[in-house]
Amino acid sequence: MDEKSKLIPNKIKQWCEGAIKELEDDNRCLWNAYSNIEYFELDDSIESKAFDAMKNQIANFYSAINFLRTANDLDIEDYRALKDMVGDEELDGKVLLEQLEIAKKELATSSDLVDNYKNMLSGLNENEESYETALEMVTMYEQMSEINEETVKEIQAKIDLYDDIDEKSSKLFQNGENIRKLGIMTIEEIMLSSYSPGKYS
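Being a predicted model, the structure only gives us computed values, none of them experimental. (Residues numbered from 1 in each chain as written. Predicted model: local features only at pLDDT ≥ 70, side-chain atom pairs only at ≥ 80, totals over all residues. Heavy atoms only, no water.)

### Comments concerning the overall build of the protein
Here is step 1: Looking only at helices and strands, the protein has six helices and two strands in total.
Here is step 2: Along the protein, helices (α) and strands (β) appear in the sequence β-α-α-α-β-α-α-α when read from the amino end.
Here is step 3: Counting only C-alpha atoms and orienting by the principal axes, one finds that the protein spans roughly 115 × 25 × 20 Å.
Here is step 4: Burial status across the protein gives 28% buried among its 201 residues.
Here is step 5: In the protein, the share of contacts with a sequence separation of at least 24, taken over all contacts with a separation of at least 6, comes to 86%.
Here is step 6: For the protein, the exposed surface amounts to about 13500 Å²; the carbon and sulfur share of it is 51%.
Here is step 7: Looking at the protein, you have 22 positive and 45 negative side-chain charges, and the mean spots of the two groups are 9 Å apart. (Helix = DSSP H or I, 4+ residues; strand = E, 2+ residues; numbered from the N terminus. Buried < 20%, exposed > 50% of the residue type's maximum accessible area, 1.4 Å probe, protein only. Contact = heavy atoms within 4.5 Å. Areas by Shrake-Rupley, 256 points an atom, 1.4 Å probe, with all protein chains shown as cover. Lys, Arg positive; Asp, Glu negative; His and termini not counted. Charge placed at Lys NZ, Arg CZ, Asp CG, Glu CD.)

### What to know about the pattern of salt bridges
Here is step 1: Under the definition given, this model contains 13 salt bridges.
Here is step 2: Its salt-bridge partner being D25, residue K21 comes within 3.2 Å of it at the nearest N-O pair. In this pair, K21 and D25 are both assigned in helix α1 (residues 9-42), four residues apart and thus about one turn of the helix distant.
Here is step 3: Salt-bridge contacts for R28 lead to D25; the nearest nitrogen and oxygen are separated by 2.2 Å. With R28 and D25 both in helix α1 and three residues apart, this pair spans about one turn of that helix. (Salt bridge = Lys/Arg side-chain N within 4 Å of Asp/Glu carboxyl O.)

### A short note on the packing of aromatic side chains
Here is step 1: Evaluation of the coordinates by the stated rule reveals five aromatic pairs.
Here is step 2: Ring geometry for Y34 against Y62: centres 4.6 Å apart, planes inclined by 35 degrees, an arrangement best described as tilted. Taken together, the residues span a long stretch of sequence, with Y34 in helix α1 and Y62 in helix α3 (residues 61-85) at a distance of 28 residues.
Here is step 3: You can call Y62 buried: its relative accessible area is 15%.
Here is step 4: For the pair Y79 and F173, a centre-to-centre distance of 4.5 Å together with 55 degrees between the ring planes defines the contact as tilted. (Phe/Tyr/Trp six-rings, centres within 6.5 Å; stacked < 30°, edge-to-face > 60°.)

### Here we look at helix α5 (residues 129-169)
Here is step 1: Over its 41 residues, α5 runs 60 Å from end to end, which matches the ideal 60 Å to within 8%, given 1.5 Å per residue.
Here is step 2: Here α5 has its buried residues at Y131, A134, V138, Y141, S145, N148, V152, I155, I159, Y162 and I165. (Expected span 1.5 Å × (residues − 1).)

### Observations regarding the nonpolar core
Here is step 1: Among the nonpolar cores identified, the biggest contains 20 residues, and L7, Y79 and I155 are the most heavily contacted of them.
Here is step 2: When contributions to this core are tallied by element, the ones reaching two or more residues are α1, α3, α4 (93-122) and α5.
Here is step 3: A per-element tally of this core places α5 first, with five residues.
Here is step 4: Beyond its immediate chain neighbours, meaning those up to four positions away, Y79 contacts W15, C16, A19, I20, L23 and F173. (Core = buried A, V, L, I, M, F, W, Y, C linked by side-chain atoms within 4.5 Å.)

### As for the packing of α4 against α5
Here is step 1: Packing of α4 against α5 leaves a shortest axis separation of 8 Å and a crossing angle of 155 degrees. It follows that α4 is roughly antiparallel to α5 by the angle criterion. The handedness of the crossing between α4 and α5 comes out as left-handed.
Here is step 2: Of the residues contributing to the contact of α4 with α5, the split by class is 20 nonpolar, seven polar and six charged. (Axes fitted to C-alpha atoms, helices over the stretch in contact; angles between N-to-C directions. Parallel < 35°, antiparallel > 145°, perpendicular 65-115°, else oblique. Left-handed = near helix turned anticlockwise from the far one by under 90°. Nonpolar A, V, L, I, M, F, W, Y, C, P; charged D, E, K, R; others polar.)

The analysis is restricted to geometry; functional conclusions fall outside its scope.
The following block contains the structure:
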């Protein structure tokens, strides 16, 4: 986390839901394309060597469509994982790092005061009124130190949570991207090999 880091779960969840809907719509379109290609391949109303050759080439689009649908499915899984991952709490790097610095300073101050009053106690007689006062101050600043230490831990936990989400989310969508590249490459190869001049003449 740095000062520019910011996590707004509601916006991320809305973005994920929108992306999932688009991918699901895309999958429906791909399935329609798959069905149309299959219908064309099985259509025997036109008989010629050229159409037979074209049917054989177009059938190769099946693998490309399957690659793209698989890539979409993998991305949908990752978007759902991201929605669960981000939680519900907004995390602002600038605010948290400033709070952490202040909390650490307050912890150091209260710890020093505990040490100072403990040193003062060592030089006082237990029967003296000042001893009781110093003892009360030790107790008060020890309690303050505990509160400050807990505050530091809570803020640090939020920073660690952000870093953990950042690390895990950076590994999402890689599988989908790799499979999608295969689909696009397959389509490009089919187009180059299938529709060269004179292919079906």
